Every structure is written in structure tokens, then in C-alpha cells.
Amino acid sequence: MKRYCARLGLLLGSILMSITGNLIALGAAILGSDRSWPVTVANDQALNAALVGRAGSEDETVSSRAAKAAGRGRRWGCLVCRLLDRIDPGHCARNVETDEGVDPRH
């Protein structure tokens, strides 16, 4: 029970830090600063960490993971990459992190 409460407390603290960081990044973006970019990447990696299974890495972006999955013919990866490529053509292909997650050839 202690461990459960500790994990819950850490998660709630993390949520508060994330909200605060995103608000600061939003202000930076409104003011035209590039400081919001690292926060965007961190959020991307945080989402991947929450979704991580056997094929992911908490230091990998969703785009990279999706590109690798698409390369293996996985439907979800193909769909995510198609969506991202409509917003930013070639996004998945440019953002594959070969040093993170699972090798796309496997």
C-alpha cells in the first residue's frame, strides 16, 4: 500500500510539473521563442513512455516508433505516419531514431 501511495504521489507531482512546463512553453511560443520545442519533444516522448510496450523506448518519439512500425507493416504505424505526413510531409521518415526502441528491420 505504501508503494502504491508513493507511486500515485509521484505521478500527481509529475502531472503538476507537466502542466506548469506546458504553460511556460505556451507563453514562450506566443512570444516567439524556440524554448517551446524541447517541451514539445518531451511531451512526445512522455506519450511514448505511457504507451511503451516491448517495442518502444521512453526516450523515443511517437513519430519514430510509428515509422518503425509502418516499416514492419503494422497498421497503426501506417495510419499514424499517414496522418503526420499530411501535416508535415516526410515527418516519420525524417524522425526515425535508430538508436532507440526496436530496430525497424525486426
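Quantities reported herein were computed from a predicted structural model and do not represent experimental measurements.

We now examine the confidence of the model for the protein chain. Scored by pLDDT, the protein chain comes out at a mean of 87, with 91% of its residues at no less than 70. Confidence, expressed as mean pLDDT per element, reaches its minimum in the protein chain at helix H2 (residues 36–51) with 88 and its maximum at helix H4 (residues 75–87) with 95.

This part takes up a nonpolar patch on the surface. On the surface, Met1, Tyr4, Leu8, Leu11, Leu12, Ile15, Leu16, Ile19, Leu23, Leu26, Ile30 and Leu31 cluster together into a nonpolar patch covering about 1300 Å² of accessible area. As for its placement among the helices and strands, tyrosine 4 is situated in helix H1 (residues 2–30). You can call tyrosine 4 exposed: its relative accessible area is 53%.

Within the secondary structure, alanine 66 is located in helix H3 (residues 62–71). Looking at alanine 66, the relative accessible area reads 0%, which means it is buried. Distance from alanine 66 to serine 33, taken between C-alpha atoms, is 28 Å for residues 33 residues apart in sequence. Beyond its immediate stretch of four places on either side in the chain, alanine 66 contacts Trp76, Gly77, Val80 and Cys81.

Considering the arrangement of structural elements, one finds aspartate 59 in the loop between H2 and H3. Along the backbone, aspartate 59 and aspartate 99 are 40 residues apart, and their C-alpha atoms lie at a distance of 9.7 Å. Apart from residues no more than four positions distant in its own chain, aspartate 59 is found in contact with Gln45, Glu97 and Glu100.

Turning to the state of the cysteines, a few remarks are in order. Scanning the entire structure with this criterion turns up 1 disulfide. A sulfur-sulfur distance of 2.4 Å marks the disulfide that ties cysteine 81 to cysteine 92. Judged by the sign of its S-S torsion, about -100 degrees, the cystine formed by cysteine 81 and cysteine 92 is left-handed. One end of the pair, cysteine 81, is in helix H4; the other, cysteine 92, is in helix H5 (residues 91–94), and 11 residues separate them in sequence. Residue cysteine 81 is classed as buried on the basis of its relative accessible area, which comes to 8%. By relative accessible area, cysteine 92 is classed as buried at 3%. With no disulfide of its own, cysteine 78 has cysteine 81 as its nearest cysteine by sulfur position, at a separation of 7.3 Å.

With that settled, the discussion passes to H3. Counted residue by residue, H3 has 8 buried out of 10 residues, so it is predominantly covered. Within the sequence span of H3, burial applies to Val62, Ser63, Ser64, Arg65, Ala66, Ala67, Lys68 and Ala69. Phi turns positive one or two residues past the end of H3, at glycine 73, with a value near 80 degrees.

Basis of the calculations
Residues numbered from 1 in each chain as written. Predicted model: local features only at pLDDT ≥ 70, side-chain atom pairs only at ≥ 80, totals over all residues. Heavy atoms only, no water. pLDDT = per-residue confidence, 0-100. Helix = DSSP H or I, 4+ residues; strand = E, 2+ residues; numbered from the N terminus. Patch = residues over 30% accessible without salt bridge, like charges linked within 9 Å, V, L, I, M, F, W, Y side chains within 5 Å. Areas by Shrake-Rupley, 256 points an atom, 1.4 Å probe, with all protein chains shown as cover. Salt bridge = Lys/Arg side-chain N within 4 Å of Asp/Glu carboxyl O. Buried < 20%, exposed > 50% of the residue type's maximum accessible area, 1.4 Å probe, protein only. Contact = heavy atoms within 4.5 Å. Disulfide = S-S within 2.5 Å.

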